[in-house]
Amino acid sequence: MINGSAQQKNLGDINDVTLKLTLTNLISLNEKEEVLTTNVWFELQWVDYRLSWNESEYEGIDLLRIPSGLLWLPDIVLENNVDGQFEVAYYANVLVYSSGSMYWLPPAIYRSACPIAVTYFPFDWQNCSLVFRSQTYNAHEVKLDLSDENGQLVEWIHTDPGDFTENGEWSIKHKPAKKNINWQFTKDDIEYQEVIFFLIIQRKPLFYVINIIAPCILISSLVVLVYFLPAQAGGQKCTLSVSVLLAQTIFLFLIAQKVPETSLNVPLITKYLIFAMIVSTLIVMNCVIVLNVSLRTPNTHGLSQKIKHVFLELLPQFLGMHLESSEDSWDKPQPRRRSSFGIMIKAEEYIVKKPRSELMFEQQRDRHGLKRINKTIADIDIGTTVDLYKNLAHFSPEIKSCVDACNFIAKSSKEQNDFGSENENWILIGKVIDKACFWIALLLFTMGTVTIFLTGHFNQAPDFPFIGDSRKYAPE
């Protein structure tokens, strides 16, 4: 067994260990637990002078495969793992060359910590990293560095297009690698040097657009349709608005189960749901107010001319509504039809004031022989006229009562018409408020939706992996 301390041929020598990471599958990124799961091949190379030989002395043998448990290993482990599994999944054999070069390529499934930035969820991108460090040897014994191929430093995570499995939710934008020196430590500390492999990944939002965002927008837009219901249908309006509000609450619970429980940022989709819930709440309040206005009566509220001017004349012009307020029909001269009512009014005038038979019996002169003639005509039947006067005087109390009843009916009808006219004006005011609030809610909902989701749409991964560094850290 050849193991023990770092293999230093001379005192003070440092063993160079190079690292390379080959990614075969980005398995998943659990946002709730903030864990990145990857399937990789972890390549390590170093030189052990004790395992070198002359090929000519051993029948030209230049390569041996030796179990890793029998050799010295630099103890490079994943530092930011979350499951306590620091080591690789399978300890494969080490390729030992005659020059003493060691090549070890074990497979591993790593579960590393990845802080999630939820601000633009589900239009977000994440910067995850895999940090490798020697758990046993410091910088005086082992020097960590990136692998070198054909004179070029491999400053990226290698992916073989033939072996790499694309993830359905995430696309890899950048995969740089860097050696990091922590200057707050000394070379005697194992934390002094480390190699970091970065994965800058952009989420593919199609799944969330189809299954969460689109249904959420469609359901939230239904709340605007309450304004197409009549102003008096306050119960139906509130029922529809509250139903939409409950549906939005369910979507909010679904999102809460997906994103991490953090108070640092609020996800974009959560912002939209809160915005939609606020709009729905305002619409419910508006429905209650409109219902209160529509059901007002002259007994409880007075309708001033200023209110009528603003809501029945001014606002309808801007809203494209053509309304005619219900005016008092008794204030305008109306054509009267010929009826017994007119005759009774004239009869009252005849009995109470003075007898004027020509007013009461304009249509009955010919029948009673009272046809108007000049004073020169002396053939007037005075007896018939006297009899008529006597009959009217005999029935005058009954005619008087009839006239009083007709006057009472007329007065009641006028008051009823005035009452109904003002009620109709309150209903028209409710319709105008509904129409105005409809356009306000539609404009607010549309602008809020477009603004919130356009903010996420323009949240793209940067063109370069590191700020201030114009290098791509990718093979040319």
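Residues numbered from 1 in each chain as written. Predicted model: local features only at pLDDT ≥ 70, side-chain atom pairs only at ≥ 80, totals over all residues. Heavy atoms only, no water.

So, about the confidence of the model for the chain. Chain-level statistics for the chain give a pLDDT mean of 80 and a share of 76% at 70 or above. The secondary-structure element of the chain with the lowest mean pLDDT is helix 6 (residues 357-360), recorded at 46, while strand 14 (residues 193-203) shows the highest, at 95. Low pLDDT, under 50, characterises residues 349-363; the stretch is placed with 23 contacts to residues that sit more than four places away or in other chains. (pLDDT = per-residue confidence, 0-100. Helix = DSSP H or I, 4+ residues; strand = E, 2+ residues; numbered from the N terminus. Contact = heavy atoms within 4.5 Å.)

Such a bond, covalent and formed between the sulfur atoms of two cysteines, is termed a disulfide. The full count for this structure, using the stated rule, is one disulfide. A sulfur-sulfur separation of 1.8 Å characterises the disulfide bridge that pairs Cys114 with Cys128. With the S-S dihedral at roughly -65 degrees, the linkage between Cys114 and Cys128 falls on the left-handed side. Here the residue Cys114 occupies a position in the loop between strand 7 (107-113) and strand 8 (125-134), and Cys128 occupies one in strand 8, the gap between them amounting to 14 residues. Note on Cys128: relative accessible area 1%, which makes it buried. This cysteine, Cys287, is not joined by any disulfide, and Cys238 carries the nearest cysteine sulfur, 5.2 Å off. (Disulfide = S-S within 2.5 Å. Buried < 20%, exposed > 50% of the residue type's maximum accessible area, 1.4 Å probe, protein only.)

Turning to its location among the elements, Ser147 is positioned in the loop between strand 9 (142-146) and strand 10 (148-149). Assessed through its relative accessible area of 1%, Ser147 is described here as buried.

Where helix 1 (residues 206-221) meets helix 2 (residues 234-256), the closest approach of the two axes is 10 Å, and the angle between their N-to-C directions is 165 degrees. When the axis of helix 1 is compared with that of helix 2, the two are roughly antiparallel. The hand of the helix 1/helix 2 crossing is left-handed. Counted together, Asn211, Ile212, Pro215, Cys216, Ile219 and Ser220 of helix 1 and Val244, Ala247, Gln248, Phe251 and Ile255 of helix 2 form the full contact between these two elements. Its residues placed into classes, the contact of helix 1 with helix 2 shows eight nonpolar, three polar and no charged. (Axes fitted to C-alpha atoms, helices over the stretch in contact; angles between N-to-C directions. Parallel < 35°, antiparallel > 145°, perpendicular 65-115°, else oblique. Left-handed = near helix turned anticlockwise from the far one by under 90°. Nonpolar A, V, L, I, M, F, W, Y, C, P; charged D, E, K, R; others polar.)

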